[in-house]
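Here's the letter readout for the chains.
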Number of protein chains: 2
Amino acid sequence: MHFPPVDHQILHLKRGVEEIIPEQDLRTKLLDAEKTGKPLTVKLGCDPSRPDLHLGHAVVLRKLRQFQDFGHEIVLIVGDFTGMIGDASGRSKMRPALSLDETRRNGKTYFEQASTILAPERVQIVYNSEWLGTLSFEDVVLLAGKTTVARMLERDDFAVRYSKGDPIGIHEFLYPLAQAQDSVEIQSDIELGGTDQKFNLLMGRNLQKSVGQSPQVCMTLPILEGLDGKEKMSKSLNNYIGLSESAEQMYGKILSLPDALIYRYFELASDEETTELPRLRQFASESPRDAKHRLALSVTRLYHGSDQAEQARDHFERTIIAKQVPNDIPSFTPETKGPIGLLSLLTMAGLTSSNGAARRLVEQGAVSIDGEKVTDSRREIHTEKDTPCVIKVGKRRFVRVVG
Amino acid sequence: MHFPPVDHQILHLKRGVEEIIPEQDLRTKLLDAEKTGKPLTVKLGCDPSRPDLHLGHAVVLRKLRQFQDFGHEIVLIVGDFTGMIGDASGRSKMRPALSLDETRRNGKTYFEQASTILAPERVQIVYNSEWLGTLSFEDVVLLAGKTTVARMLERDDFAVRYSKGDPIGIHEFLYPLAQAQDSVEIQSDIELGGTDQKFNLLMGRNLQKSVGQSPQVCMTLPILEGLDGKEKMSKSLNNYIGLSESAEQMYGKILSLPDALIYRYFELASDEETTELPRLRQFASESPRDAKHRLALSVTRLYHGSDQAEQARDHFERTIIAKQVPNDIPSFTPETKGPIGLLSLLTMAGLTSSNGAARRLVEQGAVSIDGEKVTDSRREIHTEKDTPCVIKVGKRRFVRVVG
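Residues numbered from 1 in each chain as written. Chains lettered and ligands numbered in written order. Predicted model: local features only at pLDDT ≥ 70, side-chain atom pairs only at ≥ 80, totals over all residues. Heavy atoms only, no water.

Remarks on the overall build of chain A
Piece 1. In terms of regular secondary structure, chain A is built from 17 helices and 13 strands.
Piece 2. Taken over 403 residues, chain A has a buried fraction of 52%.
Piece 3. Of the roughly 18,400 Å² that chain A leaves accessible, carbon and sulfur atoms contribute 47%.
Piece 4. Of the charged side chains in chain A, 52 are positive and 56 negative; the average position of the first set lies 5 Å away from that of the second. (Helix = DSSP H or I, 4+ residues; strand = E, 2+ residues; numbered from the N terminus. Buried < 20%, exposed > 50% of the residue type's maximum accessible area, 1.4 Å probe, protein only. Areas by Shrake-Rupley, 256 points an atom, 1.4 Å probe, with all protein chains shown as cover. Lys, Arg positive; Asp, Glu negative; His and termini not counted. Charge placed at Lys NZ, Arg CZ, Asp CG, Glu CD.)

Here is the structure:
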């Protein structure tokens, strides 16, 4: 195996990364790979109970893809066993959150979605129940003896819960150790994760040391904020852009991003050249409207190719820009799926104070959808078929409805 | 099965007990036994790494014997698996502290010594590796999920170590849970232990509740102080009276007890009638010398029978009382076993400032052993064959040497 020059790899691998612990070891491992011709093993742990991937997951997956492009090997660990630990609290009897069938199916879905980013022929997928499921109590005692209570309570989330008096189950202390054992099993050279995974990643490093393995380099990536511009992108907060969403949905959702996030998405979610980033930062602050379109095109292209991305842009130009919809209008995502009455939707989106007020506005001809006036107050909007669309009330009130 | 009246059982079972949690449940369980004719299962966990039993262990064992005498069943759990957890710290690889052979051998020794107190034909001995050794990681996760970090850190010793910043291995949190699982396995009705075991006993009670069993009553007994009158009796502190010691050794060691402990030993280590205890308290404070002889006779009789106990008393009367040795002389136990030179012994016991000084005293005829003058400065005392004995230096300095 032949790899690009180490300095070149490091330059690109460091882009958008929060921390590399320790950075010197990354260089050493890359130099070793160059010397021996043996690719590095790069680990990512996946949660099989959340099979819907979004741009937040893509931050880490795209970093994995870089490693692949440089010739290294990727191991995706589907945490079917560790997922069970996370879900044990409050149960009187241990029931895996997912059956083996579901786990395998979700693992497959995860892999299919991740394949829009990764080179699928060079990904190894393993299920950690394969080894964790064979451990005896004696093995667990040995594993548990590798760290201390004080060390465990240093983890941010445990520290907060402990100081607030919220219960932490003893089994939760086994989670970081179990996923650290994954690193030992696959002898990973590098593990990637969000910044919230730093503690767990370091636990893997320590466990490898304790059994005499060369310890993995821990590489943490920022947590991408969702469409609300505040919270971590997640399906449960409904502030996400799914990897399997259509080009139009993706493009439209990116247009609804708060301006303050434009540059962050260029850095973490697009494939704009690293050397371009300083100019894009300026562009985002000087012309946020245009920058947002470039970002939407750039990100959508990654998942749907240039043709579809450009069609999505054309759609938005036709239906929105041509109809003089301002660019920075708020977006609204209904809580329920399927058809929703227009009057309820107007009220829920905050455009009207009541369904009665909404009816009067429709009857006065003051409401339009994507530029077309609506006169039937029984009109329904389907959250999947009819979105994204822009609803206009009166002359100046807009909302973009996204599914 | 027919049992004595419940009130009679309770009166005697409560003697010398620190806590019964909850006391009402003890009555309920005894009433149930009376109704159904089914004896109660009384659990005691034994540490197989400490096979030498002493009067401290006897406090709990004699309480077990009471249960036997009332018709109930005793289960001794040899903690061969839990013993391993305790010893995991600092090891890179799990090695049981004891091999299976050693565990079985120590279990047998434990049983033989305990049989001087228990009715051996009605004791069931089980090894907890039988069930704990079969648990999978999944089972351990379920078990660990039964309690919380905060609850575990309430245990006195953990609390102290945590606040002092001393490391507590995560595996140590598994110990109370593992021995609690023992209660579930044998469906114990009552568990006995020293006051230092209270937390663990309650954990057993909670675990039984969580799986729908009738929870055990926890009965804690005081920790008996050793010959120094301060520390818990233990072999490692060399302040103990072993159950397998000869009648003379036992009698002699009891004579060397500090006066303040006489009543406590009457209460916890003798079989004097419960109704006699108030009078014995007065006796101990008014005539400690005579009370100590009664105590020594009473305790020695328990383990060696009346004949041997009386012979021991006669020995001490001949060699000590007759030779006007004061009763409350200090006792000294050499650190090494086997023969020790008299001169070294005198110095180690603090009777002389140097071996040279000791030699001069022997040559002057100022030293005697059990009333016989010693003139040979090369004389040796064998810690096992020649003890207990009283060495006198000059007119007023005595020490009782105990093996």
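There's more to say after this.
Some remarks on the packing of helix α1 (residues 6-13) of chain A against helix α2 (residues 23-36) of chain A
Residues and elements named next belong to chain A.
Piece 1. Across the interface, α1 lies against α2 with an axial gap of 10 Å and an inter-helix angle of 140 degrees. Taken together, α1 and α2 sit at an angle that is classed as oblique. The element α1 and its partner α2 pack so that their crossing is right-handed. Mapping the contact onto sequence places Val6, Asp7, Gln9, Ile10 and Leu13 in α1 and Arg27, Leu30, Leu31 and Glu34 in α2.
Piece 2. Here the contact of α1 with α2 is built from residues that sort into five nonpolar, one polar and three charged. (Axes fitted to C-alpha atoms, helices over the stretch in contact; angles between N-to-C directions. Parallel < 35°, antiparallel > 145°, perpendicular 65-115°, else oblique. Left-handed = near helix turned anticlockwise from the far one by under 90°. Contact = heavy atoms within 4.5 Å. Nonpolar A, V, L, I, M, F, W, Y, C, P; charged D, E, K, R; others polar.)

Some details on the sheet that holds strand β12 (residues 389-393) of chain A
Piece 1. Spatial strand order, β7-β13-β12-β9-β10 (chain A): five strands in an open sheet with mixed pairing. The open sheet has two edge strands with one neighbour each: β7 (331-332) and β10 (372-373) of chain A. (Pairing = 2+ DSSP bridges.)

Observations regarding the relation of the copies chain B and chain A
Piece 1. For the pair chain B and chain A, the relating rotation is 180 degrees, the translation along its axis is 0.0 Å, and the fit reaches an RMSD of 0.2 Å. Within this description, the copies of the chain are treated as partners about a two-fold rotation axis. The C-alpha atom lying nearest the rotation axis in chain B is that of Ser136(B); the distance is 2.3 Å.
Piece 2. Most of the interface of chain B is mirrored in chain A, where 97% of its interface residues again form contacts. (Least-squares fit on C-alpha atoms with pLDDT ≥ 70 in both.)

As for the environment of Pro334(B)
Residue and element names in this part refer to chain B.
Piece 1. Here Pro334 lies in the loop between β7 (331-332) and β8 (339-341).
Piece 2. Between the C-alpha atom of Pro334 and that of Leu174, which follows or precedes it by 160 residues, the distance is 39 Å.
Piece 3. If sequence neighbours within four positions are ignored, Pro334 has contacts with Asn238, Ile340, Leu345, Thr383, Val401 and Val402.

Section: the packing of helix α13 (residues 262-269) of chain B against helix α14 (residues 277-286) of chain B
Residue and element names in this part refer to chain B.
Piece 1. Close contact between α13 and α14 brings their axes to 8 Å; oriented N to C, the two are set at 155 degrees. For the element pair α13 / α14, the angle class is roughly antiparallel. In this structure, α13 meets α14 at a crossing whose hand is right-handed. Packed against α13, whose contacting residues are Ile262, Tyr263, Phe266 and Glu267, the element α14 presents Leu277, Leu280, Arg281 and Ala284 at the interface.
Piece 2. Tallied by class, residues from the contact of α13 with α14 come to six nonpolar, no polar and two charged.

Let's talk about α1(A)
All names here are of chain A.
Piece 1. Of all the residues in α1, the buried ones are Val6, Gln9, Ile10 and Leu13. All buried residues of α1 project into a common sector of 95 degrees when viewed along the axis, lining one side. Seen from the open side of α1, the exposed residues pointing more than 90 degrees away from its buried face are Asp7 and Leu11.
Piece 2. Those residues of α1 that are buried lie in contact with α2, α3 (55-69) and β6 (217-221). (Arc of directions from axis to C-beta.)

Considering the side chain of Lys253(A)
Piece 1. Assignment of secondary structure puts Lys253(A) in helix α12 (residues 247-255).
Piece 2. According to the relative accessible area criterion, Lys253(A) is buried, its value standing at 2%.

Description of the side chain of Thr300(B)
Residue and element names in this part refer to chain B.
Piece 1. The residue Thr300 is located in helix α15 (residues 288-321) in this model.
Piece 2. On the basis of relative accessibility, which here comes to 0%, the residue Thr300 falls in the buried class.
Piece 3. In this view, Thr300 contacts Ala247, Met250, Tyr251, Gly305 and Ala309; residues no more than four positions away in its chain are not counted.

Regarding the interface of chain B and chain A
Piece 1. Listed per partner, the contact involves 34 residues of chain B and 35 residues of chain A.
Piece 2. Carbon and sulfur atoms supply 80% of the area that chain B and chain A bury against each other, a total of about 3,000 Å² over both sides.
Piece 3. Seen at the junction of chain B and chain A, the total is zero salt bridges.
Piece 4. The interface formed by chain B and chain A holds ten residue pairs in polar contact (both at pLDDT 80 or more) in total. (Buried area = accessible area lost by both parts, 1.4 Å probe. Salt bridge = Lys/Arg side-chain N within 4 Å of Asp/Glu carboxyl O. Polar contact = N/O pair within 3.5 Å; in protein donor to acceptor, adjacent residues only side chain to side chain.)

Thoughts on the pattern of salt bridges
All names here are of chain B.
Piece 1. Scanning the model with the defined rule gives 42 salt bridges over all chains in all.
Piece 2. For the salt bridge of Arg27 with Asp7, the shortest nitrogen-to-oxygen distance reads 3.0 Å. Of this pair, Arg27 sits in helix α2 (residues 23-36) while Asp7 sits in helix α1 (residues 6-13), and the two are 20 residues apart along the sequence.
Piece 3. Residue classification places Asp7 among the exposed residues on the basis of a relative accessible area of 52%.
Piece 4. The residue Asp166 makes a salt bridge to Lys164 at a minimum N-O spacing of 3.9 Å.
Piece 5. Accessibility expressed as a relative area gives 32% for Asp166, which makes it partly exposed.

Geometry only, nothing functional implied.
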